[in-house]
Amino acid sequence: MNEIKAPKGTRDIFAPEIQKWHNLENAIHAYYKKFLYQEIRTPIFEHSELFSRGIGSETEIVQKEMYTFSDKSDRSLTLRPENTASVVRAVIENNLFETLSPLRFYYIGSMFRYDKPQKGRYRQFQQFGVEVFADDSPQVDAEVMFSAVDFLKKIGIEAMQLELNSVGCPQCRPDYLQVLRKAARAQESRLCSDCRRKIDGNPLRIFDCKLPACAEVAASLPLISDHLCGECRDHFAAVRETLSWMNVSFQLNPRLVRGLDYYTKTAFEITSGQLGAQNALLGGGRYNNLIQELGGPDMAAIGFAAGMERIILHLEQLEPARPKTLFVAYEDPQWLAHAVQMAQVLREEGYPVYLDYQGKNLKKQFKKADRVAAAFTLILAENEIQSGSVSIKNMVNQEQIKISLKELNEWLKKNY
Ligand code: HAM
């Protein structure tokens with residue numbers, strides 16, 4: 001029979017890598033609570049319209065990368081390619097504006113994009129992200145970026161670069177897009193067919209093209225930073241100033257455009273020099289119009305999302321912390337009941353404990369203890385049972401001692 005493999009662009013995660021995921025998830029829960037973010041969990045699929053309206057029908061994500069299907073009642077549904085639109089939908093639908101304060105959310109979950117898989121790019125991937133609503137102050141932009149940089153540092157990522165831009169707002173962007181279109185049209189013959197199409201649709205996307213000829217044209221195109229309205233300019237200046245109060249270093253990148261259409265004003269990415277082609281660890285920005293566009297009140301918003309596989313890849317060199325297993329061995333099957341009870345007591349105390357119910361003899365059980373990477377094996381044999389004691393074998397240096405059961409707790413506290 002043919003072996004069934006996981007679909008292209010998906011992967012299984014198991015020991016020892018899974019330990020890193022637990023560490024990362026625990027770190028996210030602990031860190032973002034400090035800023036009063038509350039976790040939100042939204043469905044993995046949504047009505048397709050949420051993403052075409054939310055992310056923008058002209059974006060690569062909506063045009064090429066969505067997993068869209070009809071359900072049995074012929075509704076068009078889509079596996080979420082990102083979570084910002086879903087969080088906005090959930091906040092509007094559940095009236096959270098009225099019941100929760102502050103409106104600060106974080107999430108961890110799978111996203112789906114029909115992308116070309118390669119190292120750091122998958123079709124199912126995990127993001128963690130944050131979204132802050134109802135605050136247009138530039139200090140919030142800086143705080144959100146500070147938290148991203150600080151979080152990554154705290155989990156051990158040092159080599160990273162924060163890139164920053166302002167992409168303007170509905171007041172200043174339309175005029176800039178006209179100027180940009182005109183300039184791009186003048187060099188149309190040097191652009192690839194994809195970029196030529198972008199001139200009318202969304203010319204900002206030309207800055208995203210990786211082809212050398214298009215990058216050369218992009219380098220000569222007018223920049224949004226020279227066309228910001230007064231409000232966007234002031235906001236951007238205050239964001240930069242607050243970042244400097246917070247000691248966050250950044251690099252201005254006036255060609256930074258994001259792959260989603262909802263951004264206004266601040267846009268940012270954190271890249272890593274260690275990740276090769278897929279070097280964006282996270283990306284985000286302000287999206288002050290999305291809530292209203294999706295039927296909610298006029299309310300400012302900002303957030304980011306990080307690719308967790310990329311963070312894990314970055315942390316690859318760090319050894320995953322391994323829980324120190326205790327193995328309970330018994331010399332003869334007649335002592336199995338004692339072994340089972342000892343395992344229960346030890347687990348109750350919080351230790352990870354394993355025992356081999358099929359353990360035919362001590363030698364085989366020691367082998368098993370090695371395979372599960374036990375730190376210590378606790379041995380129950382006739383002598384030990386009769387004298388109310390237990391032998392403990394250190395599985396690393398093979399030393400063995402015998403102590404009374406009464407002393408076991410103390411001994412573990414000192415030596416575990
Ligand atoms: P995004 O830039 O599309 O933004 O994705 C954020 C991060 O998700 C990327 O920087 C990258 O680390 C990771 N990522 C994206 N695609 C893949 C993939 N195919 N495989 C692995 N990792 C990937 C957003 O999704 C926005 N919702 C961010 C946001 C939140 N903006 C405001 N709030």
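Residues numbered from 1 in each chain as written. Predicted model: local features only at pLDDT ≥ 70, side-chain atom pairs only at ≥ 80, totals over all residues. Heavy atoms only, no water.

Within the open sheet, the 8 strands sit side by side as E1-E5-E6-E11-E10-E9-E7-E8. Their pairing is mixed. Because the sheet does not close on itself, it has two edges, and the strands there are strand E1 (38-39) and strand E8 (251-252). The pairing of strand E6 (residues 124-133) with strand E11 (residues 301-307) spans 7 bridges and is classified as antiparallel. Bridged to Glu-131 within E11 is Gly-303. Together, strand E5 (104-112) and E6 form the strand contacts of helix H4 (residues 84-93), whose direction differs from that of E6 by roughly 45 degrees. Sitting on the sheet, helix H6 (residues 138-154) is in contact with E5, E6, strand E7 (161-166), strand E9 (266-271), strand E10 (280-286) and E11, with an inclination near 5 degrees to E9. (Pairing = 2+ DSSP bridges. Helix = DSSP H or I, 4+ residues; strand = E, 2+ residues; numbered from the N terminus. Contact = heavy atoms within 4.5 Å. Axes fitted to C-alpha atoms, helices over the stretch in contact; angles between N-to-C directions.)

So, on to the site of the ligand. Glu-82, Glu-131, Arg-258, Tyr-263 and Ala-280 are the nearest of the 27 residues found near the ligand. Measuring from a nitrogen atom of the ligand, one finds a side-chain N or O atom of Glu-82 at 2.6 Å. Compared with its free state, where it exposes 660 Å², the ligand has 95% of that area covered by protein. With 6 residues, the single largest contributor to the shell around the ligand is E10. Of the residues belonging to the shell around the ligand, the class tally is 12 nonpolar, 8 polar and 7 charged. (Near = heavy atom within 4 Å. Polar contact = N/O pair within 3.5 Å; in protein donor to acceptor, adjacent residues only side chain to side chain. Areas by Shrake-Rupley, 256 points an atom, 1.4 Å probe, with all protein chains shown as cover. Nonpolar A, V, L, I, M, F, W, Y, C, P; charged D, E, K, R; others polar.)

In this section: the nonpolar core. With 99 residues, the main nonpolar core has Tyr-32, Phe-133, Leu-152 and Ile-311 as its most contacted residues. Top contributing element to this core by residue count: H6, with 8 residues. Apart from the residues within four sequence positions on either side, Leu-152 is in contact with Ile-157, Met-160, Ile-270, Leu-281, Leu-282 and Ile-311. (Core = buried A, V, L, I, M, F, W, Y, C linked by side-chain atoms within 4.5 Å. Buried < 20%, exposed > 50% of the residue type's maximum accessible area, 1.4 Å probe, protein only.)

Our next topic: the domain arrangement of the protein chain. Domain annotation for the protein chain reports domain 1 (17-172 + 228-314) and domain 2 (325-415). The distance between the C-alpha centroids of domain 1 and domain 2 comes to 49 Å. (Domains from an automatic or database assignment.)

Here we take up the state of the cysteines. In the structure shown here, the tally under the stated rule is 0 disulfides. Distance from the sulfur of Cys-214, which forms no disulfide, to the nearest cysteine sulfur (Cys-192) is 3.7 Å. Cys-214 gets classed as buried once you look at its relative accessible area, which sits at 1%. Of the cysteine sulfurs around Cys-232, a residue in no disulfide, the closest is that of Cys-169, at 3.5 Å. (Disulfide = S-S within 2.5 Å.)

For H4, a buried count of 9 out of 10 residues is recorded, marking the element as mostly surrounded by other parts of the structure. The elements touched by buried residues of H4 are strand E2 (45-47), helix H2 (48-55), helix H5 (96-99), E5, E6 and helix H11 (290-293).

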